[in-house]
Amino acid sequence: MAGMGNQSDLGKWQVRTVIAAVSLIAAGLAAYSAAASYETVVTLAVRFGLSLPHLTPIGLDGGLFGVIILNIALIWLGMRVWWLGLTSRFFAIAIVAANGAAGWPRPVGVGLRVAAPVLFIIIVEAAQYVLLHRGAADARKRKRD
């Protein structure tokens, strides 16, 4: 499989098209995930008698999206903050756990509630991986030149 994993085999417009398509899919998945998670976490917060149950998911989901956006922006700028990635993973685990708990003990309920957040997290982790390795490759290239 010649050319697998080699960005130079793709034209600039092809790379941009792929990035745009993945970004649109990720944005749609993020919107769906946030809406579904909001409803699920509110229901769970009401069930457990938390104060301000309608604000609980904003803290969780909003915190996750904020940390993810900040982390990706800093990676893109070449200013990686290692503990920010850990923070986003902590929020991701909390959201997946809360969504899974809302479907407990029914396996189908758990699976349906955690699928979208897990897929969104996978896309974000892949984007961070690409940005980190692309930055490392650019640094190696500058060092050689």
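Residues numbered from 1 in each chain as written. Predicted model: local features only at pLDDT ≥ 70, side-chain atom pairs only at ≥ 80, totals over all residues. Heavy atoms only, no water.

A. Structural view of the overall build of the protein. On a plain count of helices and strands, the protein comes out with 4 helices and 0 strands. Along the chain direction, N to C, the helices and strands of the protein fall in the order α-α-α-α. Against the globule reference of 15 Å for 145 residues, the protein gives a C-alpha radius of gyration of 18 Å, more extended than a compact globule. Considering only contacts within the protein whose residues lie at least 6 apart along the sequence, 57% involve residues at least 24 apart. When the accessible area of the protein is evaluated, it comes to approximately 9,900 Å², of which 71% is carbon and sulfur surface. The centroid of the 13 positive side-chain charges in the protein is displaced by 4 Å from the centroid of its 6 negative side-chain charges. (Helix = DSSP H or I, 4+ residues; strand = E, 2+ residues; numbered from the N terminus. Rg over C-alpha atoms; globule rule 2.2 N^0.38 Å. Contact = heavy atoms within 4.5 Å. Areas by Shrake-Rupley, 256 points an atom, 1.4 Å probe, with all protein chains shown as cover. Lys, Arg positive; Asp, Glu negative; His and termini not counted. Charge placed at Lys NZ, Arg CZ, Asp CG, Glu CD.)

B. Fine view of the packing of helix α2 (residues 56–76) against helix α3 (residues 82–103). Packing of α2 against α3 brings their axes to within 9 Å, and their N-to-C directions diverge by 150°. Overall, the two elements α2 and α3 adopt an arrangement that is roughly antiparallel. Once α2 is placed against α3, the crossing between them reads as left-handed. Between α2, through G59, L60, D61, G63, L64, V67, I68, L70, N71 and L74, and α3, the contact on the second element is made entirely by L84, G85, T87, S88, F91, A92, A94, I95 and A98. Considered class by class, the residues forming the contact of α2 with α3 number 12 nonpolar, 6 polar and 1 charged. (Axes fitted to C-alpha atoms, helices over the stretch in contact; angles between N-to-C directions. Parallel < 35°, antiparallel > 145°, perpendicular 65-115°, else oblique. Left-handed = near helix turned anticlockwise from the far one by under 90°. Nonpolar A, V, L, I, M, F, W, Y, C, P; charged D, E, K, R; others polar.)

C. A look at α3. For α3, which comprises 22 residues, the first-to-last C-alpha distance of 33 Å matches the rise-based estimate of 32 Å (1.5 Å per residue) to within 8%. Burial in α3 covers these residues: L84, G85, S88, A92, I95, A98, N99, G100, A102 and G103. (Expected span 1.5 Å × (residues − 1). Buried < 20%, exposed > 50% of the residue type's maximum accessible area, 1.4 Å probe, protein only.)

By themselves, these figures tell us nothing about what the structure is for.
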